[in-house]
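Observations on the model geometry
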Amino acid sequence: MGARLSRSDFHWVYTDEPHTTRRREMLRMYSNEILSTYLYRLVAFSTEKYPEIKHLMGHDWRIAAQVVLTVVIQIVIAILVQDVSWKYVWFLTYVISGTLNHSLSISFHEIGHNLAFGNHKPLANRILGFVANLPLCIPSSVTFKKYHIDHHKFQGDDMLDPDLPTYFEAWLFQSRVGKFFYILAQPLLYAIRPLLRVPKPVTLLEVVNLLIELIFDAIIFYFLGLKSFVYLLFGTLLGLGLHPISGHFISEHYIFVEGYETYSYYGPLNYLTFNVGYHNEHHDFPNIPGYALPQLKKIAPDYYDNLPCHYSWTKVLYDFIRNPALGPQSRIRRTIRSEALKTKNAIDMKNKSKVNEILHEVVDNNNNSHPHMSKEERKLLNMKKHSSRLPTAVKSTDQHTKNE
């Protein structure tokens, strides 16, 4: 019961995250040579490796439709549970409200990337975020967006990635019992962690989010009563805790196979969660809506079919608790981007154009395993690396389990 982790520290690497490099590679123009049948000479031309990918970028109206439908369902059920006995209230809270509220919390992810209405309609995306936030009873849609973008920009960075577990978490939740409570406490940890790691000033939109949520909570409690309020509030607390969908918190970036820091999940719960399981695909192309990520995987199977993945979030949670090699410390940490910003006196990130310029330099000068190679050498290495699939043994891990 009290088995301790076999690893004493996080997984430190001295290379950049893989997604920017892979995205550039997949969109790069390649020079090809063909032998002309009639001219008997080599003819060179340039072409994109996957031109179809750009057609997937943009926004998708179905995100808003799913959000509104889910919110309506939650409010209707909250009305219906007023006169239901408490045992059924708690059952419905965990099974239905927990599932739907977790789904709505994941919609913040799509909305935060402006994938519902597009980058040209930021206000429409924020308003949809307020609507999606209503049944959760806890204001979080605006704050999620504020910190989540940094997770993409600074994935795994010891100083700047708000998604990385703190050293205190790694120390506190080491045993199997500790890891059980670690999963149970995910709603609290997910909310507090960014405030401790990379605190930012409160924005006006966050205040608006708070006021809207307080008004909605008061209306539910006053007109519908305690049971309806419990159904919604504890749907959030239980649904984001020890719940099958919570497997995505662990499956996305915790190291299940050495050498890989991001994992996709290809199970049926993706239908309820805006395809958040397609996590490698999302980090490679965060401007592609979740509904289109399965198509991205089909377009570029040579990049995704050979990566280790998960098929069951429930098994992810089980393995995380039972496996002594897994725990809060099973995350990659690096300092390459924060160190670059420190060197150029831009760690405060006030000058966004300067920050982006420095990050582009980091990507240009670093390849995940060969940071000292020239650009030409890295290009040749990447082309060779992805020209054939990894051995099938890589995929034959215990991640490939039965569907939920």
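Residues numbered from 1 in each chain as written. Predicted model: local features only at pLDDT ≥ 70, side-chain atom pairs only at ≥ 80, totals over all residues. Heavy atoms only, no water.

- As recorded in an unreviewed UniProt entry, the protein goes by sphingolipid 4-desaturase and comes from Adineta ricciae.
- UniProt annotates the protein under Subcellular location (unreviewed entry) with the comment "Membrane". (UniProt positions renumbered as here; feature names shortened; annotations may be inferred.)

**Focus on the packing of aromatic side chains**
- Within the structure shown, the criterion is met by 16 aromatic pairs.
- Measuring from ring centre to ring centre gives 4.9 Å for Y190 and F249, while their planes differ by 50°; the resulting arrangement is tilted. Of this pair, Y190 sits in helix α9 (residues 186–197) while F249 sits in helix α12 (residues 247–251), and the two are 59 residues apart along the sequence.
- Of the residues examined, Y190 reaches a relative accessible area of 30% and is grouped as partly exposed.
- Seen in terms of ring centroids, F221 and F229 are 5.9 Å apart; in terms of plane orientation they differ by 85°. Their pairing is edge-to-face.
- Under the relative-accessibility criterion, F221 is labelled partly exposed at 45%.
- Taken together, the ring pairs connect F173, Y182, Y254 and F320 into an aromatic cluster.
- A cation over a ring is seen here: K297 above Y266, with NZ or CZ 4.8 Å from the ring centre. (Phe/Tyr/Trp six-rings, centres within 6.5 Å; stacked < 30°, edge-to-face > 60°. Helix = DSSP H or I, 4+ residues; strand = E, 2+ residues; numbered from the N terminus. Buried < 20%, exposed > 50% of the residue type's maximum accessible area, 1.4 Å probe, protein only. Lys NZ or Arg CZ within 6 Å of the ring centre and 35° of its normal.)

**Thoughts on unusual backbone geometry**
- Unusually for a residue other than glycine, N114 sits at a positive phi of about 60°.
- For N114, a relative accessible area of 10% corresponds to the buried category.
- The phi dihedral of F274 falls on the positive side, at around 55°, and the residue is not glycine.
- Its place among the elements puts F274 in the loop between β4 (264–265) and α13 (279–284).
- Look at F274 and you get buried, because its relative accessible area is 4%.

**Notes on the nonpolar core**
- Grouped together as the largest cluster of nonpolar side chains are 35 residues, with contacts concentrated most on M26, I53, I250, I288, L296 and Y304.
- Secondary structure elements with two or more residues in this core: α2 (53–56), α8 (176–184), α14 (293–299), α15 (301–304) and α16 (313–322).
- Ranked by residue count, the leading element in this core is α16, at 4 residues.
- In terms of nonpolar packing, the next biggest core, distinct from the first, is built from 20 residues, I106, F108, F144 and L269 among them. (Core = buried A, V, L, I, M, F, W, Y, C linked by side-chain atoms within 4.5 Å.)

**Observations regarding the UniProt feature "transmembrane region" (unreviewed entry) in the protein**
- Sequence positions flagged by UniProt for "transmembrane region" (unreviewed entry) are, in local numbering, residues 63–82, 88–111 and 123–144.
- In the segment residues 63–82, helix accounts for 90% and strand for 0%; the C-alpha atoms at its two ends are 30 Å apart.
- Spanning residues 123–144, this segment combines 68% helix with 0% strand, and its end C-alpha atoms are found 16 Å apart.

**Comments concerning the side chain of S312**
- Here S312 lies in the loop between β5 (309–310) and α16.
- Within the structure, S312 has its side chain in polar contact with the backbone nitrogen of T314 (distance 3.4 Å). (Polar contact = N/O pair within 3.5 Å; in protein donor to acceptor, adjacent residues only side chain to side chain.)

**A word on the pattern of salt bridges**
- As enumerated under the stated definition, the model contains 14 salt bridges in all.
- Here R337 ties to E17 by a salt bridge, and the two come within 3.1 Å at their closest N and O atoms. Taken together, the residues R337 in helix α17 (residues 336–343) and E17 in the loop between β1 (11–12) and α1 (18–27) connect sequence positions 320 residues apart.
- Look at R337 and you get buried, because its relative accessible area is 5%.
- Given the relative accessible area of 3%, E17 is considered buried.
- Within the structure, one salt-bridge network assembled from shared partners comprises D16, E17 and R337. (Salt bridge = Lys/Arg side-chain N within 4 Å of Asp/Glu carboxyl O.)

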